[in-house]
Amino acid sequence: MKVYFNNSCKICKAEIDLYKKEKIDEIDWVDITDNELAEKETSKDSKQLLRRLHIKDGDKVLGGAEAFLLLWKKMPKYKFLYKFFKLPIIFNIFSVVYEIVAFFLYLKNKKQLKKSNL
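Description of the structure in this document. What you are looking at is a predicted structure, and each value in this text was computed from that prediction instead of being measured.

**Here's the deal with the sheet that holds strand β4 (residues 60-63)**
Spatially, β2-β1-β3-β4 is the arrangement adopted by the four strands of the open sheet, whose pairing is mixed. The open sheet has two free edges, formed respectively by β2 (28-31) and β4, since each of these has just one partner strand. This sheet shows a mean twist of 20° between the axes of neighbouring strands, independent of strand direction. With four bridges connecting them, strand β3 (residues 54-57) and β4 associate as antiparallel partners. Each bridged residue has a counterpart across the sheet, and for Asp 57 the counterpart in β4 is Lys 60.

Structure (structure tokens):
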């Protein structure tokens, strides 16, 4: 499983650094900053990758709240988050809140996009 995240975003980096401490062997952490290989592997452009967290698990690419659920499911220390946030009503609320927060982080970090992708 590969997790595609923005290492240039201080908030994103801080959260991912917490997850990296768990040292889960089956998770590869991929910084999307100026990473054309990440774009090819996910079939997403740099704007889409910057907009939200993505995970590639096999041939499947998930983004946003769904990606976080999969990530938490694979991490014993954070499995309680998976169990809570997968509940239908909670997941719907989580998805909306995630998209709002992710949008503002995107606006804060979009200067790192190449001019052609704006």
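**Description of the pattern of salt bridges**
In total, this model carries six salt bridges according to the counting rule given. In this structure, Asp 17 engages Lys 13 in a salt bridge whose closest nitrogen and oxygen atoms are separated by 2.7 Å. Here the residue Asp 17 and the residue Lys 13 both occupy positions in helix α1 (residues 10-20), the gap between them amounting to four residues, near one helical turn. In this structure Lys 13 comes out as partly exposed when scored by relative accessible area, which is 32%. Here the salt bridges share partners, and the residues they tie into one network are Arg 51, Arg 52 and Glu 99.

**Notes on the environment of Asp 17**
On the accessibility criterion, Asp 17 (25% relative accessible area) is partly exposed. As a C-alpha pair, Asp 17 and Phe 104 span 87 residues in sequence and 21 Å in three-dimensional space.

**So, a nonpolar patch on the surface**
Together, Val 96, Ile 100, Phe 103, Phe 104 and Leu 107 make up an exposed nonpolar region whose accessible area comes to about 460 Å². Tracing the chain through its elements places Phe 104 in helix α6 (residues 88-109).

What counts, and at which threshold
- Residues numbered from 1 in each chain as written.
- Predicted model: local features only at pLDDT ≥ 70, side-chain atom pairs only at ≥ 80, totals over all residues.
- Heavy atoms only, no water.
- Pairing = 2+ DSSP bridges.
- Helix = DSSP H or I, 4+ residues; strand = E, 2+ residues; numbered from the N terminus.
- Axes fitted to C-alpha atoms, helices over the stretch in contact; angles between N-to-C directions.
- Salt bridge = Lys/Arg side-chain N within 4 Å of Asp/Glu carboxyl O.
- Buried < 20%, exposed > 50% of the residue type's maximum accessible area, 1.4 Å probe, protein only.
- Patch = residues over 30% accessible without salt bridge, like charges linked within 9 Å, V, L, I, M, F, W, Y side chains within 5 Å.
- Areas by Shrake-Rupley, 256 points an atom, 1.4 Å probe, with all protein chains shown as cover.

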